[in-house]
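The primary structure of each chain is shown beneath.
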Amino acid sequence: MDFLKSFLGIAAELTFLFIIISFAISLLQGYIPYEKIERKLTGGNRFLASIIAIVFAFITPFCSCSTIPVVVNMLKNKIPFSITMVFLFASPVLDPTILTIMGVVMGWKVTALYTLITSMLSIVIGFSLDKLGFERHVKNVVMKGYEQPNRKFNWRYAVSETLSLMKNVYPYLLFGAFIGAAIHGLVPTHFIAEWFGHDQWWLIPIAAIIGIPLYIRLSSMIPISQILIAKGMALGPVMALMISSAGASLPEVVLLKSIFRKQLVIAFVLSVITMSTVSGFVFFFV
């Protein structure tokens, strides 16, 4: 009974937030000048272009797998490799809907710090891979059937997009609520506090590594993280797990293999683990 009550409470809160925020963001999509943004990304000022890439990643809510067609389109349009990599790392971890839910559930201070860290590390890693010459490991891929998601502002599109997001993302949100409710009701508080508490720094790199094969989407991790933190788990390992699972899933790695050679795929996975670990330690010490 406690499990059902906990699950329904978490699910109801997340459902309300998800529908309202998704609908609002879908309405605003018509105002986003995608073609103008793409032209800015090819400009000579790489730092400014990287900031624009972060903004572009934020306003294009994709999971890690659906980011790949956009990356291919950017490479096809001769957008610099470093800027494309910034987008690749930032896009799956900077979803406006999920960040808003994160702010409500986990607090705006945590969300702001999360956004700042992932944005900065995406830029650093993107430029580092470029400086190390990994651009030579990009395959010559021709993409077909991709269109920029630029549509006119209208209510019908907003409703359609919200329903589409509900179909593709909402099940993961419910899955996260289910796991969170199970942890809340079945896992003893003292167990999590003892084994996953603030003094267990070594859990951060472990969480960063195990998050990749788990393929727990960011939308699922929010309610799970909320319960784990409430039970006493340190914020550092939670964030490391959240970022690695969202940033580099196994399906995404398989898709990347079709456009990147293995050297760049390996560098991508190691970069996500590095991003997750560094972020985890930042949250560990704040």
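Residues numbered from 1 in each chain as written. Predicted model: local features only at pLDDT ≥ 70, side-chain atom pairs only at ≥ 80, totals over all residues. Heavy atoms only, no water.

A word on the overall build of the chain
And step 1. Check the secondary structure of the chain and you find 15 helices and 0 strands.
And step 2. The proportion of buried residues among the 286 residues of the chain is 53%.
And step 3. Of the accessible surface of the chain, which amounts to about 13700 Å², a share of 69% is contributed by carbon and sulfur atoms. (Helix = DSSP H or I, 4+ residues; strand = E, 2+ residues; numbered from the N terminus. Buried < 20%, exposed > 50% of the residue type's maximum accessible area, 1.4 Å probe, protein only. Areas by Shrake-Rupley, 256 points an atom, 1.4 Å probe, with all protein chains shown as cover.)

Considering the nonpolar core
And step 1. With 69 residues, the main nonpolar core has Y114, M242 and F260 as its most contacted residues.
And step 2. If we skip the residues at most four places from it in the chain, F260 touches L75, M85, L88, H137, V138, K139 and V265. (Core = buried A, V, L, I, M, F, W, Y, C linked by side-chain atoms within 4.5 Å. Contact = heavy atoms within 4.5 Å.)

Structural notes on the confidence of the model for the chain
And step 1. Summary statistics for the chain give a mean pLDDT of 76 and a share of 67% for residues scoring 70 or more.
And step 2. Throughout residues 143–147 the model reports pLDDT below 50, and contacts reaching past four residues in sequence, or to other chains, amount to 6 contacts. (pLDDT = per-residue confidence, 0-100.)

Side note on the pattern of salt bridges
Opposite charge on two side chains permits them to pair, given that their charged atoms come into close proximity.
And step 1. Summed over all chains, the structure comprises 1 salt bridge.
And step 2. Residue D130 is joined to R46 by a salt bridge in which the shortest nitrogen-to-oxygen separation is 4.0 Å. Highlighted residues: D130 in helix α7 (residues 108–131) and R46 in helix α3 (residues 46–59), separated in sequence by 84 residues.
And step 3. A residue is classified by how much of its surface remains accessible, and R46, at 35% relative accessible area, is partly exposed. (Salt bridge = Lys/Arg side-chain N within 4 Å of Asp/Glu carboxyl O.)

Remarks on the environment of I212
And step 1. Here I212 lies in helix α11 (residues 203–214).
And step 2. For the pair I212 and A248, spaced 36 residues apart in sequence, the C-alpha separation works out to 5.6 Å.

Some words on α7
And step 1. Over its 24 residues, α7 extends 34 Å from the first C-alpha to the last, a length consistent with the 34 Å expected when each residue adds 1.5 Å.
And step 2. If you check which residues of α7 are buried, you get V110, T111, Y114, I117, T118, S119, L121, S122, I123, I125, G126 and L129.
And step 3. Directly beyond the C-terminal end of α7, a positive phi value near 80° is found at G133. (Expected span 1.5 Å × (residues − 1).)

Describing a positive patch on the surface
And step 1. Positive charge collects at one region of the surface, where K139, K257, R261 and K262 lie side by side.
And step 2. With respect to the helices and strands, the residue K257 is situated in the loop between α14 (250–256) and α15 (262–285).
And step 3. Residue classification places K257 among the partly exposed residues on the basis of a relative accessible area of 40%. (Patch = residues over 30% accessible without salt bridge, like charges linked within 9 Å, V, L, I, M, F, W, Y side chains within 5 Å. Lys, Arg positive; Asp, Glu negative; His and termini not counted. Charge placed at Lys NZ, Arg CZ, Asp CG, Glu CD.)

Describing the environment of T100
And step 1. If you trace the backbone, T100 turns up in helix α6 (residues 96–106).
And step 2. Measuring from C-alpha to C-alpha, the distance between T100 and T111 comes to 8.2 Å, with 11 residues separating the pair along the chain.

What about the packing of aromatic side chains?
And step 1. Under the defined criterion, the tally for this structure stands at 5 aromatic pairs.
And step 2. Taking 6.4 Å as the distance between ring centres and 80° as the angle between the ring planes, the aromatic pair formed by F281 and F284 counts as edge-to-face. Of the two residues, F281 and F284 are both situated in helix α15; the distance of 3 residues between them amounts to about one turn of the helix.
And step 3. The class for F281 is partly exposed, based on a relative accessible area of 24%.
And step 4. Clustering of aromatic rings is evident, with ring pairs tying together F281, F284 and F285. (Phe/Tyr/Trp six-rings, centres within 6.5 Å; stacked < 30°, edge-to-face > 60°.)

Side note on the environment of A112
And step 1. Secondary-structure assignment places A112 in helix α7.
And step 2. Taking C-alpha positions, A112 is 9.8 Å from M102, a pair spaced 10 residues apart along the chain.

A short note on the packing of α3 against helix α5 (residues 81–90)
And step 1. The geometry of α3 relative to α5 is characterised by a closest axis approach of 9 Å and an angle of 30° between their N-to-C directions. With respect to α5, the element α3 is oriented roughly parallel. You can see that α3 and α5 cross each other, and the crossing is right-handed. Each of R46, A49, S50, A53, I54, F56 and A57 in α3 lies in contact with α5, whose residues at this interface are S82, I83, V86, F87 and A90. (Axes fitted to C-alpha atoms, helices over the stretch in contact; angles between N-to-C directions. Parallel < 35°, antiparallel > 145°, perpendicular 65-115°, else oblique. Left-handed = near helix turned anticlockwise from the far one by under 90°.)

Thoughts on the packing of α3 against α7
And step 1. Where α3 meets α7, the closest approach of the two axes is 10 Å, and the angle between their N-to-C directions is 130°. Comparing the axis directions of α3 and α7 gives the class oblique. Remark: the crossing between α3 and α7 carries right-handed chirality. The segment α3 lies against α7, with R46, F47, S50, I51 and I54 engaging S119, S122, I123, F127 and D130.
And step 2. Grouping the amino acids of the contact of α3 with α7 by side-chain chemistry returns 5 nonpolar, 3 polar and 2 charged. (Nonpolar A, V, L, I, M, F, W, Y, C, P; charged D, E, K, R; others polar.)

Re a nonpolar patch on the surface
And step 1. A surface patch of nonpolar side chains, about 500 Å² in accessible area, is lined by W201, W202, I206, I209 and I210.
And step 2. Relative to the helices and strands, W201 is located in the loop between α10 (189–195) and α11.
And step 3. Residue classification places W201 among the partly exposed positions, given a relative accessible area of 48%.

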